[in-house]
There are 2 protein chains.
Amino acid sequence: MSRIVQKYGGSSVASAEKIKHVAGRIAARRRAGDDVVAVVSAMGDTTDDLIELAQQITSHPVAREMDVLLSTGEIVSSTLLSMALNEEGLDAISLTGAQAGIHTDEVYGRARIAEIETGRMERELAAGRVVIVAGFQGISENFDVTTLGRGGSDTTAVALAAALHADACEIYTDVPGIFTADPRVVPQARPLKDIGYEEMLELATTGARVMHARAVEVGAIYGVDILVASTFDASAPGTLIHKETTMEQGNKVRGIAHQDRIAKVTVRGVPDQPGIAARIFEPLAAANVSVDTIVQNASVENLTDLTFTVAPGDLEGALDVVNKMLPVIGGSSVVSAPDLGTVSVVGTGMASAPGYAARMFKTLFDNKINIEMISTSDIRITCVVDADKVGDAVRALHAAFELDRG
Amino acid sequence: MSRIVQKYGGSSVASAEKIKHVAGRIAARRRAGDDVVAVVSAMGDTTDDLIELAQQITSHPVAREMDVLLSTGEIVSSTLLSMALNEEGLDAISLTGAQAGIHTDEVYGRARIAEIETGRMERELAAGRVVIVAGFQGISENFDVTTLGRGGSDTTAVALAAALHADACEIYTDVPGIFTADPRVVPQARPLKDIGYEEMLELATTGARVMHARAVEVGAIYGVDILVASTFDASAPGTLIHKETTMEQGNKVRGIAHQDRIAKVTVRGVPDQPGIAARIFEPLAAANVSVDTIVQNASVENLTDLTFTVAPGDLEGALDVVNKMLPVIGGSSVVSAPDLGTVSVVGTGMASAPGYAARMFKTLFDNKINIEMISTSDIRITCVVDADKVGDAVRALHAAFELDRG
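As the structure is a computational prediction, the values presented were derived from the model and not from experiment.

Engineer: Sorry if this is basic, but what is going on with helix H9 (residues 315-329) of chain A here?
Structural biologist: In an α-helix, one turn spans 3.6 residues; hence positions three or four apart end up facing the same way. Residue and element names in this part refer to chain A. Here H9 spans 20 Å end to end across 15 residues, near enough to the 21 Å set by a 1.5 Å rise per residue. Taken together, the buried positions of H9 are Ala-318, Val-321, Val-322 and Met-325. On its buried face, H9 sits against strand S13 (255-271), helix H8 (276-286), strand S15 (303-310) and strand S16 (333-346). Downstream of H9 by one or two residues, Gly-330 has phi in the positive range, about 75°.

Engineer: Which parts of the structure should I look at to understand the nonpolar core?
Structural biologist: As a rule of thumb, nonpolar side chains are buried together in soluble globular proteins. Within the largest apolar cluster, 238 residues are counted, with the highest numbers of intra-cluster contacts made by Leu-81 and Leu-160 of chain A together with Leu-81 and Leu-160 of chain B. Apart from residues lying up to four places away in sequence, Leu-81 of chain A is in contact with Val-13, Ile-19, Val-22, Ala-23, Ala-38, Val-40 and Ile-132 of chain A.

Engineer: When you look at the relation of the copies chain A and chain B in this model, what are you seeing that I'm missing?
Structural biologist: Two copies of a chain can be linked by a rotation about an axis combined with a shift along that same axis. Aligned on chain B, chain A shows an RMSD of 0.1 Å; the corresponding rotation is 180° and the shift along the axis is 0.0 Å. The transformation just described matches what one would write down for a two-fold rotation axis. Scanning chain A for the C-alpha nearest the rotation axis identifies Thr-72 of chain A, at a separation of 2.8 Å. Comparing interface residues between copies, 100% of those in chain A also lie at the interface in chain B; the contact surface is shared.

Engineer: How should I be thinking about the sheet that holds strand S6 (residues 130-134) of chain B in this particular structure?
Structural biologist: The strands making up a sheet are joined through hydrogen bonds of the backbone, oriented either antiparallel or parallel. Residues and elements named next belong to chain B. If you trace the eight strands from one edge of the open sheet to the other, you get S3-S6-S2-S1-S9-S11-S12-S10, paired in mixed fashion. Here the strands that pair on one side only, and so sit at the sheet edges, are strand S3 (92-95) and strand S10 (194-196). When the angles between neighbouring strand axes are averaged without regard to direction, this sheet yields 20°. Of the pairings in the sheet, the one linking S3 to S6 comprises four bridges and is parallel in character. If you follow Ser-94 over to S6, its bridge partner there is Ile-132. Those strands touched by helix H1 (residues 16-31) are strand S1 (3-8), strand S2 (35-40) and S6, and its axis lies near 160° from that of S2.

Engineer: Explain the sheet that holds strand S13 (residues 255-271) of chain B to me, please; I cannot follow it from the model alone.
Structural biologist: Residue and element names in this part refer to chain B. Pairing within the open sheet is antiparallel, and its six strands lie in the order S14-S15-S13-S16-S18-S17. The open sheet has two free edges, formed respectively by strand S14 (291-296) and strand S17 (373-377), since each of these has just one partner strand. Going from strand to strand, the sheet's axes swing by 30° on average, the running direction of each strand aside. Two strands pair when backbone bridges link them, and S17 and strand S18 (residues 380-386) are joined in this way by five bridges, in the antiparallel orientation. Among the inter-strand pairings, Ile-374 is bridged to a residue of S18, identified as Cys-383. Set on the sheet, helix H8 (residues 276-286) makes contact with S13, S14 and strand S15 (303-310); between it and S13 the angle comes to about 120°.

Conventions adopted
- Residues numbered from 1 in each chain as written.
- Chains lettered and ligands numbered in written order.
- Predicted model: local features only at pLDDT ≥ 70, side-chain atom pairs only at ≥ 80, totals over all residues.
- Helix = DSSP H or I, 4+ residues; strand = E, 2+ residues; numbered from the N terminus.
- Expected span 1.5 Å × (residues − 1).
- Buried ≥ 20, exposed ≤ 12 C-beta atoms within 10 Å, placed from the backbone.
- Contact = placed C-beta atoms within 7 Å.
- Core = buried A, V, L, I, M, F, W, Y, C linked by C-beta atoms within 7 Å.
- Least-squares fit on C-alpha atoms with pLDDT ≥ 70 in both.
- Pairing = 2+ DSSP bridges.
- Axes fitted to C-alpha atoms, helices over the stretch in contact; angles between N-to-C directions.

Right, here's the structure in full:
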């Protein structure tokens, strides 16, 4: 008998029919003898609908109230799934984040889990019940409802798996796993059998939106193996995210990630002295502009160029801030480009083996794709390119690194 | 400076526009210096929509899960109203039933409030905040969500007014108060200036569905004066439900209540001996048949007839039970009538003054309306009549008791 934590995303519980399907899967698992804790997201577009409702009231909803409002979406789906399991003849109970003992800090909209009190869940499991937990939410020290941010139900599931010492953590979604690239862009893309935590993190933060990055972090910290698999296709094995124990020979590139649209801002002629970066990025953070990649060129005559990327919707706000700061920091000019995208190759040990960067740049050159900006980590190389070249770049790199060959 | 508890019903918060209107009313009150606690129902048809969703999953939803599901409707409207108040520049906070400290027993679907811990509400009020409480819900000893039954937000409001020692309790709805009869049936019906708790209880339980009967009971027990008034017409004074302190001269009938459709079941030839009634009504309760009025005729030769009324939807279930019990209790036959209604005259002191019953019966006779069954309390006389005569009966009685004259 194993203890399993599962998570079903919004598209897996989008209708009464789909909820019944999920109940059938859980019931089969339970009848096979496993203890099951299932985390659910809100049904289909519920979260967007609730945001829309709030927007009809005010363009600046209070963050605390927004969290309480959004938390209801997951509560609704958790009760319906529990009803469906009871209808299947199983004993099941739904728990809100608060009832499941998920304690967080009080940063509304992107709270972090501080501690999980498992007492109630353990009692329900001991009583033979399937436990359904409303994902994406927790409770603060002050007994206020918090939410973990978009995709937070993944984090709920992985954190519960760690706290409950589960034997497995399974994330069910509408795709059969983590792909070598977005299959909508690369028809030859194929699901990976497994992938390391760090590789998954790089994929998640550079555009492969299958998993919430923080869920992967939690998995890495607590050593929770995470299976990402399809809710609807039980025959597909899915992808296991885990600590890589064998250093495979052969292809060290695991996947190609991309972002369709980003914008770039460059501050030119900035004096190369300590504290300059803070004087730009602190006011950007204060203005709620989320900065993605930052690159600073080598300085020439003690002047340097500082470039960063933002979501297109944040470009205007970023330019406001940077133009205001320009006289203070003594830069010469601000230039921006709105219609860019990124393409990244990701793989463990890539940096320790030579030639990957060169092959990436040559592939882009051969395909007449100009590189606007480069940034790298130990296991990732990202190039900023024209937005309308992103698809070509992903397909060319997928072929060049022979990812279609398995 | 007064402390006010207000309640806004589902039709008062049915849309973003209406929520903003309610926020405007609360803001005006707050700016005038009052402390305000506002209880809200779910938006418009939300509760029905959630029930429909559960029905798509199962025809027998687990009661505990149903309560969690339904409680989300009031949570949603409470957060939206809080956002709207913040948008108006006021400091406001929404609280769920649990956060408001509303402790109940564990009878899902019709829980009763056991105790209200006012600590959190008092702190928020002391901090100058408007407190919005999600109506209709509480929390059990086991930290499970419970609901108080249809119309339960009224009860929430009156109980909060009692627990917070509020100076006033105001129930805002889509009608301007308690009418002498349903204005859709009697165009001459007019709102009452005031009414006693017991009269209001009789009106509420015999068809005037403006107030939740349990809210009136709580008001009577704790001596909370309840103003029922219009959300949309601020010029209408509303009706004050309170302890009647003056015994008015003149018309002792305060209103005519009615029920459009009920069904009647008569068990004939029942041996008149102790325990017979229990042997009929216990299995009915076990089968979830809610019995309304019960009448037992005087026995003739130690045999009696036992008649009771039920909602039309419960008739089939009631007949199943009674026919099964007939051999056990030794009755001779069961007869039923499906298409009936009730009409009631209600007024304090009616029983102590002669002639009211006679005038009621004569009025019905003069209008060729046959009486199928009679039941009375100290302050109410109810006649069961043909369903299609209910409207005529209400109009005739409204005129006969001169209720249109004020």
